[in-house]
Amino acid sequence: MMLRARQGLLLLRPLAVAVPWGPLALAAGLSALILLPALLDDPAPAAALLELRLAAVLLGAGASFAMTDGMAPTVVTATPRWLRQWLRLAIVVLPAALAWLALHSIAIAVLGSGATAPAGDLAVEAIVCGFTGVAGAAVAARYRHTQTAALAGPLTQFTLATFTFFIDKQHSPWLPPGSPNWSTVHRYWLLGLPIIAITLLLANRGTWPLRRPSFRQTPSQLRITIEPDRISR
């Protein structure tokens, strides 16, 4: 255990350099940009709530690009894959969470406390929305090691979000604060947390073998012969 902790500390810096920060920086900039109209022009709590939800989705999509490791198929490392994957996750999730908390704090400062939604419930929404993209990218990273695999994160978010629009308005996950079904709906949001956690635990394990190696040679053709004059004494 101490060895893994020491290896993790040594890996932090090179992984932080290797992680693609561009998508997350772009997501943070877009999140701030879409929130500004609700705060400056005509402060609107309903609009701010919508934009905080969108910010969680964008930040999760940006963080999902860190889950693919382009060097994985070409470099043999002394550390297990699960350690590298969880470190990559922690490296990007921390700034993404801080960015969302900063946007939420600004919204509360401008609109007043309780103007958007209960902080705990909104935080659960943000975690589920953000980590859904990360989990989708983590699963794809077991199959492919290119940056295109990270697109599975935003695609997972888009697919699930599209599905929610077919739910009746009374049970929609995007209810406004004060709705009669707010507490009931947020129990379902809580169910998303263990589902995402299990998905990440399964996805961040060792590499998922795509296919078994196949040899066209027969066992007799694979025999290794050693010439006596090549054996060093």
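For the structure given in this document, a descriptive report is provided here.

What counts as what
Residues numbered from 1 in each chain as written. Predicted model: local features only at pLDDT ≥ 70, side-chain atom pairs only at ≥ 80, totals over all residues. Heavy atoms only, no water. Helix = DSSP H or I, 4+ residues; strand = E, 2+ residues; numbered from the N terminus. Buried < 20%, exposed > 50% of the residue type's maximum accessible area, 1.4 Å probe, protein only. Contact = heavy atoms within 4.5 Å. Areas by Shrake-Rupley, 256 points an atom, 1.4 Å probe, with all protein chains shown as cover. Core = buried A, V, L, I, M, F, W, Y, C linked by side-chain atoms within 4.5 Å. Salt bridge = Lys/Arg side-chain N within 4 Å of Asp/Glu carboxyl O. Expected span 1.5 Å × (residues − 1). Arc of directions from axis to C-beta. Phe/Tyr/Trp six-rings, centres within 6.5 Å; stacked < 30°, edge-to-face > 60°. Polar contact = N/O pair within 3.5 Å; in protein donor to acceptor, adjacent residues only side chain to side chain.

## Overview of the overall build of the protein
In step 1: Each helix and strand in the protein was counted, giving seven helices and zero strands.
In step 2: Counting from the amino terminus, helix and strand elements in the protein follow one another as α-α-α-α-α-α-α.
In step 3: Within the span of the protein, comprising 233 residues, buried residues form 36% of the whole.
In step 4: Within the protein, residue pairs in contact and separated by at least 24 positions form 78% of the contacts whose partners lie at least 6 positions apart.
In step 5: Surface summary for the protein: the accessible area is close to 14500 Å², and the carbon and sulfur share equals 69%.

## Brief notes about the nonpolar core
In step 1: In terms of nonpolar packing, the biggest core is built from 43 residues, with L52, W100 and L200 touching the most fellow members.
In step 2: Broken down by secondary-structure element, the contributors of at least two residues to this core are α2 (22-39), α3 (45-63), α4 (81-111), α5 (119-141) and α7 (182-203).
In step 3: The element that contributes the greatest number of residues to this core is α4, accounting for 10 residues.
In step 4: Among all residues touching W100, those that are not within four sequence positions of it are L52, A55, A56, L59, L122, A123 and A126.

## Quick notes on the pattern of salt bridges
In step 1: A complete count under the given rule lists one salt bridge for this structure.
In step 2: The closest approach of N and O atoms between R53 and E125, which form a salt bridge, is 2.7 Å. Remark: E125 occurs in helix α5 and R53 occurs in helix α3; sequence separation between them is 72 residues. Considered together, R53 and E125 belong to a single accessibility category, that of buried residues.

## So, helix α6 (residues 152-164)
In step 1: In this model, α6 (13 residues) spans 18 Å end to end at C-alpha, consistent with the 18 Å of a helix rising 1.5 Å per residue.
In step 2: When α6 is considered as a whole, its buried residues turn out to be A152, G153, Q157 and T164. Within α6, the buried residues cover an arc of 140° as seen down the axis, which keeps them to one side. Exposed and oriented more than 90 degrees from the buried face of α6 are L155, F158 and F163.
In step 3: Considering only its buried residues, α6 is in contact with α3 and α5.

## A word on α2
In step 1: In this model α2 runs 26 Å from its N-terminal to its C-terminal C-alpha over 18 residues, within 8% of the 26 Å that 1.5 Å per residue would give.
In step 2: Residues of α2 that are buried sit in contact with α3 and α4.

## With respect to the environment of V128
In step 1: Position of V128 among the secondary structure elements: in helix α5.
In step 2: As for V128 and A56, which are separated by 72 residues in sequence, their C-alpha atoms are 8.7 Å apart.
In step 3: Excluding residues within four positions of it along the chain, V128 makes contact with W189, G192, L193 and I196.

## Some thoughts on the packing of aromatic side chains
In step 1: Evaluation of the coordinates by the stated rule reveals one aromatic pair.
In step 2: Ring plane angle 70° and centroid distance 5.5 Å describe the contact between W174 and W189, whose orientation is recorded as edge-to-face. Placement of the pair is W174 in the loop between α6 and α7 and W189 in helix α7, with a sequence separation of 15 residues.
In step 3: When its relative accessible area of 25% is taken as the criterion, W174 is described as partly exposed.

## Some points on the side chain of S172
In step 1: Mapped onto the elements, S172 comes out in the loop between α6 and α7.
In step 2: Separated by 3.2 Å, the side chain of S172 and the backbone nitrogen of W174 make a polar contact.
In step 3: With near-sequence residues (within four places) excluded, S172 lies in contact with I167 and V185.

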